[in-house]
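If you want the building blocks of each chain, they are given just below.
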Amino acid sequence: MFIHKVNETIALKLPEKRDANSLLEIVNTNRTEFGRWLPWAKEIFSINDERAFIKDGLQRMAAGTFWFAIILYQDEIAGVLDLHQINHENRRCQIGYWLAGRFQGKGIMTASVREVEAIAFHDLNMNRIEIMADEHNQKSRNVAERRDFHLDGILKQYAFYNDQFRDMALYSKLRQ
């Protein structure tokens, strides 16, 4: 099993099918908050949905078009982060993340994003990393700002979810 230590309390783990129950439980517990910002939270309702997400992610990871990990805090599943929209030709990708409410405010996501930045820049040879967050999702935006991502701008009516167009904040960080 792949485990990458971030620090004494945080580690990143390659998702496995056996993690599906724990992930679904976290989604169910945090569904209302996640649903404010993450449209998929209103679509994953069964263990089969979660298993399909893990299977698809592992297949895409093997193909080099996706990277993801479970965030462990004190050996307990706390959240997930990923690299998506990987574009090898232009050497750019986006980071996505979520963290269960009871783990927020401990610096877990900031430390995890720092680690995934290193993976993107050094292991995947990316030149540009982006974080996109709903303009009103201050917790997500705070992570980008704490990691010194540059706010490139607010993309007006960029996404449609929760029955409305949403403005998205686009952050970026360059390798150099």
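Residues numbered from 1 in each chain as written. Predicted model: local features only at pLDDT ≥ 70, side-chain atom pairs only at ≥ 80, totals over all residues. Heavy atoms only, no water.

Ranked by internal contacts, the top residues of the largest apolar core, which has 52 residues, are Leu83, Ile95, Tyr97, Val113, Ile131 and Phe149. Here this core gets eight residues from one element, more than from any other, and that element is helix H3 (residues 108-123). Setting aside residues no more than four positions away along its own chain, Ile131 makes contact with Ile95, Tyr97, Val113, Ala144, Phe149, Ala169, Leu170 and Tyr171. (Core = buried A, V, L, I, M, F, W, Y, C linked by side-chain atoms within 4.5 Å. Buried < 20%, exposed > 50% of the residue type's maximum accessible area, 1.4 Å probe, protein only. Helix = DSSP H or I, 4+ residues; strand = E, 2+ residues; numbered from the N terminus. Contact = heavy atoms within 4.5 Å.)

With that settled, consider the sheet that holds strand E8 (residues 164-174). Here we have eight strands laid out as an open sheet, ordered E1-E2-E3-E4-E5-E6-E8-E7, and mixed in their pairing. Each edge of the open sheet carries a strand with a single partner, namely strand E1 (3-5) and strand E7 (150-161). Put simply, the sheet's adjacent strands are angled 30 degrees from each other on average, direction ignored. (Pairing = 2+ DSSP bridges. Axes fitted to C-alpha atoms, helices over the stretch in contact; angles between N-to-C directions.)

This part is about helix H2 (residues 47-62). Over its 16 residues, H2 runs 23 Å from end to end, which matches the ideal 22 Å to within 8%, given 1.5 Å per residue. Looking at H2, one finds that the buried residues are Glu50, Ile54 and Gly57. Within H2, the buried residues cover an arc of 65 degrees as seen down the axis, which keeps them to one side. Residues of H2 that are exposed and angled more than 90 degrees away from the buried face: Asn48 and Ala62. On the buried face of H2, the contacting elements are helix H1 (20-37) and strand E3 (67-73). Positive phi appears at Gly64, one or two residues downstream of H2, with a value of about 80 degrees. (Expected span 1.5 Å × (residues − 1). Arc of directions from axis to C-beta.)

For Arg91, which is not a glycine, the phi torsion comes out positive at approximately 55 degrees. Structurally, the position occupied by Arg91 is in the loop between strand E4 (76-87) and strand E5 (92-99).

Quick look at the packing of aromatic side chains now. For the structure on display, the rule yields seven aromatic pairs. When the ring of Phe66 is compared with that of Phe68, the centres are 5.1 Å apart and the planes differ by 45 degrees; the resulting orientation is tilted. Judged by its relative accessible area of 5%, Phe66 falls in the buried class. Taken together, the aromatic side chains of Phe34, Trp40 and Trp98 make up a single cluster linked through ring pairs. One Lys or Arg, Arg60, reaches over the ring of Phe66 and ends 4.0 Å from the middle of that ring. (Phe/Tyr/Trp six-rings, centres within 6.5 Å; stacked < 30°, edge-to-face > 60°. Lys NZ or Arg CZ within 6 Å of the ring centre and 35° of its normal.)

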